Amino acid sequence: MTAPSPEPSPRPAPPGALRASHDDREAVVERLRDAAAEGRIDFEELDSRLEQALKARTHAELAPLTADLPEVPGPGSRPPLLLKGGLYGASRGPGRWDVPGHVIAHGGVGGVRLDFTRAECRLEEILVEAHGETAGVTVVIPDGWTADTSGMDPGFGGLTDKTTPDRLPGTPLIRLTGSGGMAGVVIRHPNRRERRKLQANPTQG
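Residues numbered from 1 in each chain as written. Predicted model: local features only at pLDDT ≥ 70, side-chain atom pairs only at ≥ 80, totals over all residues. Heavy atoms only, no water.

## Concerning the sheet that holds strand S3 (residues 102-106)
- Taken in spatial order, the five strands line up as S1-S3-S5-S9-S7 in an open sheet, and their pairing is parallel. Of all strands in the sheet, those with a lone pairing partner are strand S1 (81-84) and strand S7 (146-153), marking the two edges. Between one strand and the next, the sheet's axes are offset by a mean angle of 15°, whatever the strand orientation.
- Alignment of S3 against strand S5 (residues 125-131), held across five bridges, turns out to be parallel. Bridging across to S5, valine 103 finds its partner in valine 128. (Pairing = 2+ DSSP bridges. Helix = DSSP H or I, 4+ residues; strand = E, 2+ residues; numbered from the N terminus. Axes fitted to C-alpha atoms, helices over the stretch in contact; angles between N-to-C directions.)

Here it is as structure tokens:
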């Protein structure tokens, strides 16, 4: 008596046939909106593609909507932003700026200030490597953003962390590393004066 043949195992679905998630559809929507802002597609075509993206059920239905658009470089492919305090100091923000995945700040003798309160950021995590040196580094993050300072060496100048642990959904985590040096590193949320300025000019670039 022969043993029954084993049932064939189910074949995995082709990649394009996989079901699309809400995040998959949202990523395509954001890319289409960026393409329209860059003038790559007109607004009539944008509306048509957005409608198709929101109704798409699989990756195969999403793929053609961005097939004729240039590839968007991932955060890991962008070079780090390097700021050196030098003699006169250096800063980035509080105006709008596009945040890379890695920022390196050397306080030097003039100091460095990093202000993320109006930054454009879609990353889940940002590595900030801060070296206080002689004049220090100050990092200002919006309310709702959080920081992990466990990888930071306080050095002689110390680390001052005035951030709160309450992270809002969709906001990045600032992973702070480096050394406090002589002057130290400060990471905090906006102070009263900065909050008043943000409230008075909510759309300031």
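## Considering the environment of phenylalanine 116
- Its place among the elements puts phenylalanine 116 in the loop between strand S4 (112-115) and S5.
- Among the residues examined, phenylalanine 116 registers a relative accessible area of 1% and is labelled buried.
- Along the chain, phenylalanine 116 and valine 99 lie 17 residues apart, while their C-alpha atoms are 8.4 Å from each other. (Buried < 20%, exposed > 50% of the residue type's maximum accessible area, 1.4 Å probe, protein only.)

## Digging into the packing of helix H1 (residues 22-37) against helix H2 (residues 43-55)
- Close contact between H1 and H2 brings their axes to 10 Å; oriented N to C, the two are set at 175°. Relative to H2, the element H1 is oriented roughly antiparallel. Between H1 and H2, the contacting residues are Arg25, Val28, Val29, Leu32, Arg33 and Ala36 on the first element and Phe43, Leu46, Arg49, Leu50, Ala53 and Leu54 on the second.
- When its residues are assigned to classes, the contact of H1 with H2 shows nine nonpolar, no polar and three charged. (Parallel < 35°, antiparallel > 145°, perpendicular 65-115°, else oblique. Contact = heavy atoms within 4.5 Å. Nonpolar A, V, L, I, M, F, W, Y, C, P; charged D, E, K, R; others polar.)

## Observations concerning the packing of H2 against helix H3 (residues 59-66)
- Running from N to C, H2 and H3 cross one another at 160°; their axes reach a closest spacing of 9 Å. In terms of axis orientation, H2 runs roughly antiparallel to H3. As for how H2 packs across H3, the hand of that crossing is left-handed. Side by side, H2 and H3 meet where Arg49, Gln52, Ala53 and Lys55 of the first sit next to Glu61, Leu62 and Leu65 of the second.
- Classifying every residue of the contact of H2 with H3 gives three nonpolar, one polar and three charged. (Left-handed = near helix turned anticlockwise from the far one by under 90°.)

## Considerations on the sheet that holds strand S2 (residues 90-92)
- Read from one edge of the open sheet, five strands run S2-S4-S6-S10-S8, paired in parallel fashion. Of all strands in the sheet, those with a lone pairing partner are S2 and strand S8 (159-161), marking the two edges. Pairwise comparison of adjacent strand axes, ignoring direction, gives a mean angle of 5° for this sheet.
- Bridge count for S2 against S4 is three bridges, and the pairing is parallel. Considered in S4, the bridge of serine 91 is made with arginine 113.

## Structural notes on a nonpolar patch on the surface
- Taken together, the side chains of Leu87, Tyr88 and Val109 present a nonpolar region at the surface, about 430 Å² in accessible area.
- Following the sequence through the fold, leucine 87 ends up in the loop between S1 and S2. (Patch = residues over 30% accessible without salt bridge, like charges linked within 9 Å, V, L, I, M, F, W, Y side chains within 5 Å. Areas by Shrake-Rupley, 256 points an atom, 1.4 Å probe, with all protein chains shown as cover. Salt bridge = Lys/Arg side-chain N within 4 Å of Asp/Glu carboxyl O.)

## Remarks on the nonpolar core
- With 24 residues, the main nonpolar core has Leu114, Phe116, Ile126, Val128, Val139 and Ile174 as its most contacted residues.
- The set of elements that each furnish at least two residues to this core consists of S1, S3, S4, S5, strand S6 (137-140), strand S9 (173-179) and strand S10 (185-188).
- When residues in this core are grouped by element, the largest group, three residues, is from S5.
- For leucine 114, the contacting residues outside a window of four places in its chain are Leu83, Arg92, Trp97, Val103, Val128, Thr138, Val139 and Val140. (Core = buried A, V, L, I, M, F, W, Y, C linked by side-chain atoms within 4.5 Å.)

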